[in-house]
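Structural characterization, general
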Amino acid sequence: MAHDLTIGFLPLVDACLPILAREHGFAEAEGLTLTMVRDMSWATVLDRLLYGHSDAAHLVAPLAIATTLGRGRPAAPLSVPFVLGLNGNAITLRGDLADRVCPPGVLGDPRAVGEALAVVARERKAAGRPLRFGVVHRYSSHNYMLRYWLAACGVRPDADVEISTVAPPFCADALEAGEVDGICVGEPWNSVAVERGAGRIVLASAQIWRRGVEKVLALRESVMEEKREAAEALIRALIAAGRHFVDPANWEANAAILARPEYLDGSAELIRRAISDRLLLARGGEAVHYPDFMFQYREAANFPWVSQAEWLYTQMIRWEHADFSPDEAARAARVFRPDVYRAALLGTSEPLPGASSKVEGSLAGLTAVGTQQGTMTLENNRFFDGIAFDPHDLAGYLKRLP
Amino acid sequence: MRIAIVDESATRAAVIGEGLAAFDDCELFVVTERRGLVARIAEIDPDIVLMDLGNPSRDMLEEYFAVSRALARPIAMFVDESDDEAIAASIDAGVSSYVVDGLAAHRIRPILDLAVRRFNAFSRLQADLAEAKGKLADRETVDRAKRILMDSRGLAEPQAYAELRKAAMDQGKRIAEIAEAVVTAHRLMGGT
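Note that this is a predicted model, so its numbers are computed, not measured. (Residues numbered from 1 in each chain as written. Chains lettered and ligands numbered in written order. Predicted model: local features only at pLDDT ≥ 70, side-chain atom pairs only at ≥ 80, totals over all residues.)

Looking at the overall build of chain B
- Per the secondary structure count, chain B includes seven helices and five strands.
- Mapped from its N terminus to its C terminus, chain B presents α and β elements in the order β-α-β-α-β-α-β-α-β-α-α-α.
- Over its C-alpha trace chain B gives a radius of gyration of 26 Å, far above what one expects of a compact globule, namely 16 Å for 192 residues.
- For chain B, the spread of C-alpha atoms along the three principal axes comes to 80 × 30 × 30 Å.
- Sorting the 192 residues of chain B into buried and exposed places 30% on the buried side.
- Within chain B, counting contacts between residues at least 6 apart in sequence, those at least 24 apart form 62% of the total. (Helix = DSSP H or I, 4+ residues; strand = E, 2+ residues; numbered from the N terminus. Rg over C-alpha atoms; globule rule 2.2 N^0.38 Å. Buried ≥ 20, exposed ≤ 12 C-beta atoms within 10 Å, placed from the backbone. Contact = placed C-beta atoms within 7 Å.)

Some details on the interface of chain A and chain B
- Each partner contributes residues to the interface: chain A has 18 residues there, and chain B has 16 residues.
- Only helix H3 (42-50) and strand E8 (162-165) of chain A provide two or more residues apiece to the side of chain A that touches chain B.
- Take the side of chain A that touches chain B: its biggest share by element is four residues, from H3(A).
- Partitioned by chemical class, the residues of the side of chain A that touches chain B number eight nonpolar, six polar and four charged. (Nonpolar A, V, L, I, M, F, W, Y, C, P; charged D, E, K, R; others polar.)

What to know about the environment of A:Arg122
- For A:Arg122, the location among the structural elements is in helix H6 (residues 110-126).
- In this structure, the C-alpha to C-alpha distance between A:Arg122 and A:Asp160, residues 38 residues apart in sequence, is 6.9 Å.

A few points about H6(A)
All names here are of chain A.
- Spanning 17 residues, H6 covers 24 Å between terminal C-alpha atoms, matching the ideal 24 Å at 1.5 Å per step.
- All of the buried residues along H6 are Pro110, Val113, Gly114, Leu117 and Ala121. Down the axis of H6, the buried set is contained in an arc of 90°. They therefore lie on one face.
- Buried residues along H6 sit in contact with helix H5 (95-101), helix H7 (141-152), strand E10 (200-204) and helix H10 (205-208). (Expected span 1.5 Å × (residues − 1). Arc of directions from axis to C-beta.)

Things to note about the sheet that holds strand E3 (residues 56-60) of chain A
Residues and elements named next belong to chain A.
- Taken together, the five strands give an open sheet; going across it, the order is E2-E1-E3-E11-E4, and neighbouring strands pair in mixed fashion. With partners counted over all chains shown, the strands left at the sheet margins are strand E2 (32-38) and strand E4 (78-83), one partner each. Each adjacent strand pair in this sheet contributes to an overall mean axis angle of 30°, direction not counted.
- Direction of pairing for strand E1 (residues 3-9) relative to E2: parallel, over a ladder of seven bridges. Following the sheet pairing, Thr6 is matched in E2 by Thr35.
- Packing against the sheet, helix H1 (residues 16-23) makes contact with E1, E2 and E3, and its axis sits at approximately 135° to E2. (Pairing = 2+ DSSP bridges. Axes fitted to C-alpha atoms, helices over the stretch in contact; angles between N-to-C directions.)

Here we look at the domain arrangement of chain A
All names here are of chain A.
- Along its sequence, chain A is carved into domain 1 (3-86 + 213-278 + 291-300) and domain 2 (89-211 + 281-289).
- Once you take the C-alpha centre of each, domain 1 and domain 2 turn out to be 25 Å apart.
- Contributing elements (two or more residues each) for the side of domain 1 that touches domain 2: helix H4 (61-69) and helix H14 (268-275).
- Among the residues making up the side of domain 1 that touches domain 2, the classes are represented as 19 nonpolar, three polar and seven charged. (Domains from an automatic or database assignment.)

Here it is as structure tokens:
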């Protein structure tokens, strides 16, 4: 049966899977006609989703949970049956600051850069001009990853520095104008800042959490139930797009598609850097290869692990300085829907893990895991500080964090 | 009541502002500049903020509303659930609205309704203008294609038009599209 679906997105490289599912006919093969609607802020993407302008959206993962829990607006339950990718963000600092905390020509060591930054943060705070960082949304993985890193390096994100929201397309401007000292944003916006000489990339988010959940495909819970067949067809189309996206033979063509005016409206050259995990860290420098900078397909990267939703909830509580609520935690956990992902891919060649939740950040190397179908090997998925997240003890985990 | 209208389109902001000026207990502030937006809003200290739905500064402003301790009166999205229909209408029209907590719905509704009507009127105006421009361009292309057929094949004007019309019908296309193809082909063949 044929279905039409409208999908909202922001112009970021990790909106790639729905765009490529449409462009390469993977959606069509599943009987889907996709219409893509581009916006410039997450608030607009979310409004369109909640008021029915779109059926599904490319969304920052924490915002799906915040919306379900009613943060900042009445609660509206969302469902995430598919993770659009892991990581793919970077931290870019103004050149003078980067020079003080990170050796040239390389991505820094997160611990060393963080500790050097802590020294600068104390100086600047004492001088009455605290360091300022821009993140793309308060309910974004960018905000949580930046804070996780700073806190683990002895910087108190709410007391020692200032963190505010800057929309991705304005990150380079804000750095250039000195409104912020650093940004944590997705591609191509770090590379845009680098090209303009506004800053230097010092860290990739994958260095903070090697397998950190990033954008998700979100639908209203009621829409996902009503259009269940279409939602499952979309999952299969997105998986096919993921397989295509990670194949080096397709990088050039996919970068050109994503660069088009109706999608990212940007430079294919910069987009290709992110796709190929090869970033130029500073203007005029050499490209640096950092494997799995973006992680769109392998190791069932798109599987919505319930433990990822729960980790995001712990970070929300942590930075709201709110009390842990078992009831809220359960509602947050239910946002991620591995059952729908499984139903969509059962009987295909895609591996399906046996469990729906896992200890996050516990693997240091290759580990074979039990599956429902196919074979699956997970690689290093650690947090840089070595603290693992056990979803059976959320409150205990929160106590262990600084 | 203090109303801030935030819109990067100065024309649209003016159209809305003009409508709202009819309310005599309202003081209007129009902000079209992206730079310094948050500071400007803090200065205005509005009861209601009306903003175009697609404004790229919305995430930044929402964060400010959510976390700023500088604001004496917290601002929320206009999302009293009883008004869901009104919000849906405003989203459809392309207006997002933020209202100081506790402001009575009966004071908000007429303002929002008017903003929605003005936004819709502005969109229609834009659409009409685009259509008129399109039609004019189409007519010029068809005239040029007719001239090419008349010159190259010695046809009279009605015949030339009939040829274009027949080709359009045969191929299920608009006459303007066929005309465009003729003009392009002619240019490629070295004509002017």
